[in-house]
Amino acid sequence: MNKSENAIRNYLYSEDCLALQLDGEWGSGKTFFVKTLVEKLKEEKDRYQPLLFSVNGCNSLEEIKQGILEKIFLETSVEGKISKFLSNNKSKIDILNQVIGDTKFKSISNIFEQAVDSTKEKIQDDSKGKVVIFIDDLERLSSNVKIKDLFGFISADLLEKYEYKVIIISNSLRIMDKEIYQEIREKTIGSSSTYSTDLEVVKKIISDVIDEEDAAWVYKILYDYIIQNDTVNLRTLLQILSNYKAIVSRFEQTDIQENSDILKSILLNVAIITQEYRLGNLSKENFNDLHSLLNTRSFHQIGIGISLKETYPDVETNKETFAGSIYKKYHRLKSDYKEFLFYSSEINEYIVHYNETNMINYLERWKIAFRTETAKTVNKSESLNNFRKMDDEELKNIQQSILDDVKESKVESISELLKIYFGLAQFSQMGLMLVGENGEWRESFKDNLLFLSKIEKFPDFDEEAMHSFSSEEDYQWMKKEYQIYETEVSLVEFKKIRKLVFEESINAEQRSFLINYDYGDSNIIEEFCSDEMIEKYILKERNTADNLWQYFRSGLNYFISSGKVSKNDIENAIHKINSKKSSVKGKIDNFKINQLLDF
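Residues numbered from 1 in each chain as written. Predicted model: local features only at pLDDT ≥ 70, side-chain atom pairs only at ≥ 80, totals over all residues. Heavy atoms only, no water.

Draft legend 1. Quick look at the overall build of the protein chain. The number of helices and strands found in the protein chain is 30 helices and five strands. For the protein chain, the proportion of its 599 residues judged to be buried stands at 50%. Expressed as a percentage of contacts within the protein chain between residues at least 6 apart in sequence, the contacts between residues at least 24 apart total 76%. (Helix = DSSP H or I, 4+ residues; strand = E, 2+ residues; numbered from the N terminus. Buried < 20%, exposed > 50% of the residue type's maximum accessible area, 1.4 Å probe, protein only. Contact = heavy atoms within 4.5 Å.)

Right, dumping it as structure tokens:
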């Protein structure tokens, strides 16, 4: 039995002749709790008959009085139960009347309207001292009803005349006439109990939505990061679970089974971002501020930035970002699931913009971030957040160990590598980079960048975010190196695409990908119709000119309209192929070349 139920049961068997107030925030589950308790009290058939009535939607005091009276009539008397049956079946009775024209039966169909007035005094007398009325939604009382008049009716009629027990359910922070409410409440309300969410209710909600084998860890994550961190709102909780289920459904089940820990990362991301969005802290305006949290497990540079802000609050450059507020609020919490924190643009986009998204990219980035070697280096970087508790030797050893890992190319994600670099750059800016004097420590990153340029497409370099975490010198060094290897990545990617077009029979899905691929500043015609490509793939026996024809046929108009190709480029390519095609003898090969040229 929780605190609120205990308070209500004590009130029911007390001599208190005033009302009890059950007060709590919207979404805390008060109504859910009361409905459950009302059903429980009905089953117990004890001293009091419980009734639940909401003032929400009632536009006059008379409507409230009539509504409560009807509740008493319908649920506490034999006559009422008969009338309730007739009322619920009134439409069927009316149809029967129209068929048989029975005036006696017609009079029975109106029994509900007549019964309340004719028997109300008797029923109220019979129910005296036997009813407990739960009056819900006090804060939603219509502006047409004065709270003073409602409390007068509760005191004079329900409490004094009929000796009912009355429990008023409210969110007192949202009551409109606060001053009047404060003046009159003590004449009607004897005591007040603050409702806090029943954790058993939370567990039941989770168990109703989540598979049994996952329910325990789902509850623990939500408890660690949402319930104990904020006043839990059941509507937010339901939204978190709904978002989580929707996102998980977008994965192949085999992917989830092979990487069950990914579910923990998804739930953490969903819970934190959904909570912040519903609290109004995250909006479409500051959505892009989440960028520094994305696709990484290395949050130490944000942590150090927060520490600097707290240490030097008056320094203007140490301003707190929204990502920083997320870090401060959630990343300092103690939890067994902290290691699974991982944010992605796909999940955030779904929560804030409801954008449908493909989770293949998420899965690949998650796998990279949670690979053993990368994870070890990230964990070392995270430990730098506690540098104030270290001596110089300890800090130096950790920094050197991180640089050794980087030099051996153990970091398998460009996002993680950048976070590690700019985290160390912060120490350099503070004069606490204890290895690699005069910026020599930066050289360790070259090999790892080169390694990643061969396996991963580099994302856009976030100049604003990266600049804020480092000195100008450290920033410019990485920007230059990044651009060198970014070019290398683009070249490797383009070679793969050219090979796919010329050497494989591409399907419609692959062709769509190729057409929409971001070629940057590259001239598509020049790349595909260079002297090297023409000699290698077109002017030869068993050529693959038809593959290029299919590719151009699908996307040439788009390439021209988007400015990636000019008509002059096309004419030059045609001239180049025409001038040399006489060297091709086979009729089929010539047919394919002519088909390409005619297009």
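The structure having been displayed, the exposition proceeds.
Draft legend 2. Representation of the packing of aromatic side chains within the structure. According to the stated counting rule, one finds 18 aromatic pairs in the structure shown. Between Phe251 and Tyr362, the ring centres sit 5.8 Å apart and the planes meet at 75°, which makes this aromatic pair edge-to-face. With a gap of 111 residues between them, Phe251 in the loop between helix H12 (234-248) and helix H13 (253-258) and Tyr362 in helix H18 (residues 360-369) connect regions that are remote in the sequence. Residues Phe251 and Tyr362 agree in their burial class; the two are buried. On the basis of an interplanar angle of 15° and a centroid distance of 6.5 Å, the ring pair of Phe340 and Phe370 is categorised as stacked. Residue Phe340 is located in the loop between helix H16 (322-331) and helix H17 (345-353), and its partner Phe370 is located in the loop between H18 and helix H19 (372-383); the two are separated by 30 residues in the primary sequence. Across this residue pair, the class does not change: Phe340 and Phe370 are buried. Through a chain of ring-to-ring contacts, three or more aromatic side chains come together here, namely Phe251, Tyr337, Phe340, Phe342, Tyr362, Trp366 and Phe370. Note that Lys264 overlies the ring of Trp217, its terminal NZ or CZ placed 5.0 Å from the centroid. (Phe/Tyr/Trp six-rings, centres within 6.5 Å; stacked < 30°, edge-to-face > 60°. Lys NZ or Arg CZ within 6 Å of the ring centre and 35° of its normal.)

Draft legend 3. Local environment of the nonpolar core. Ranked by size, the top nonpolar core spans 61 residues in total, and within it Leu222 and Ile266 carry the most contacts. Residue assignment for this core shows that the elements contributing at least two residues are helix H10 (199-209), helix H11 (212-227), H12, helix H14 (262-279), H16, H17 and H18. With residues up to four places along the chain from it excluded, the contact list for Ile266 reads Tyr244, Ile247, Val248, Phe251, Ile347 and Tyr362. Among the nonpolar cores identified, the runner-up in size contains 47 residues, and Leu61, Phe153, Tyr162 and Tyr195 belong to it. (Core = buried A, V, L, I, M, F, W, Y, C linked by side-chain atoms within 4.5 Å.)

Draft legend 4. Broad picture of a negative patch on the surface. A contiguous patch of negative charge, built from Asp391, Asp392, Glu393 and Glu394, is present on the exposed surface. Locating Glu393 in the fold gives a position in helix H20 (residues 392-407). (Patch = residues over 30% accessible without salt bridge, like charges linked within 9 Å, V, L, I, M, F, W, Y side chains within 5 Å. Areas by Shrake-Rupley, 256 points an atom, 1.4 Å probe, with all protein chains shown as cover. Salt bridge = Lys/Arg side-chain N within 4 Å of Asp/Glu carboxyl O. Lys, Arg positive; Asp, Glu negative; His and termini not counted. Charge placed at Lys NZ, Arg CZ, Asp CG, Glu CD.)

Draft legend 5. Representation of the pattern of salt bridges in the model. This model, assessed by the stated rule, comprises 23 salt bridges. Lys220 serves as the salt-bridge partner of Asp224, at 2.8 Å between the closest nitrogen and oxygen. Remark: Lys220 and Asp224 occur in helix H11; sequence separation between them is four residues, near one turn of the helix. Looking at Lys220, the relative accessible area reads 33%, which means it is partly exposed. Here Arg442 makes a salt bridge to Glu473, at a shortest N to O gap of 3.4 Å.

Draft legend 6. Highlighting the packing of helix H21 (residues 414-429) against helix H22 (residues 445-453). Between H21 and H22, the shortest axis-to-axis distance is 10 Å and the interhelical angle comes to 165°. Between H21 and H22, the crossing angle belongs to the class labelled roughly antiparallel. The two elements H21 and H22 meet at a crossing, and its hand is left-handed. Every residue of H22 that contacts H21 at Ile414, Leu417, Ile420, Tyr421 and Leu424 is listed here: Phe445, Asn448, Leu449 and Leu452. The residue makeup of the contact of H21 with H22, split by class, is eight nonpolar, one polar and no charged. (Axes fitted to C-alpha atoms, helices over the stretch in contact; angles between N-to-C directions. Parallel < 35°, antiparallel > 145°, perpendicular 65-115°, else oblique. Left-handed = near helix turned anticlockwise from the far one by under 90°. Nonpolar A, V, L, I, M, F, W, Y, C, P; charged D, E, K, R; others polar.)

Draft legend 7. Inspection of unusual backbone geometry at higher detail. Here Glu163, not a glycine, exhibits a phi torsion of approximately 55°, which is positive. Among the structural elements, Glu163 can be located in the loop between helix H8 (147-161) and strand E4 (165-170). Classification of Glu163 by relative accessible area gives partly exposed; the value is 45%. The phi torsion at Arg542 lies on the positive side, around 55°, for a residue other than glycine. The topology assignment puts Arg542 in the loop between helix H27 (531-538) and helix H28 (545-561). For Arg542, a relative accessible area of 71% corresponds to the exposed category.

Draft legend 8. Layout of the environment of Leu432. By the element assignment, Leu432 lies in the loop between H21 and H22. A C-alpha to C-alpha distance of 8.9 Å links Leu432 and Lys396, two positions 36 residues apart in sequence.

Draft legend 9. Here's a closer look at the side chain of Asp405. You can see Asp405 is positioned in helix H20. Looking at Asp405, its side chain comes within polar contact range of the side chain of Lys380, at 2.8 Å. Setting aside its immediate chain neighbours within four residues, Asp405 contacts Thr377, Lys380, Lys410 and Asn448. (Polar contact = N/O pair within 3.5 Å; in protein donor to acceptor, adjacent residues only side chain to side chain.)

Draft legend 10. Quick peek at helix H30 (residues 587-598). The first and last C-alpha atoms of H30 sit 16 Å apart over 12 residues, in line with the 16 Å expected at 1.5 Å per residue. What H30 keeps buried is the set Asp589, Asn590, Lys592, Ile593, Leu596 and Leu597. Down the axis, H30 shows its buried residues gathered within 160° of arc, on one side only. Away from its buried face by more than 90 degrees, H30 exposes Lys587, Ile588, Phe591 and Asp598. (Expected span 1.5 Å × (residues − 1). Arc of directions from axis to C-beta.)

Draft legend 11. Representation of the sheet that holds strand E1 (residues 19-23) in the model. Taken in spatial order, the five strands of this open sheet run E2-E3-E4-E1-E5, and their pairing is parallel. The sheet terminates laterally at strand E2 (49-54) and strand E5 (189-194), the two strands that pair on one side only. Ignoring strand direction, the axes of neighbouring strands in this sheet form an average angle of 20°. Relative to E4, strand E3 (residues 131-136) runs parallel, the two sharing four bridges. In the strand pairing of E4, Phe134 is matched with Ile167. Running over the sheet, helix H3 (residues 61-76) touches E2 and E3 and is turned about 150° from E2. (Pairing = 2+ DSSP bridges.)

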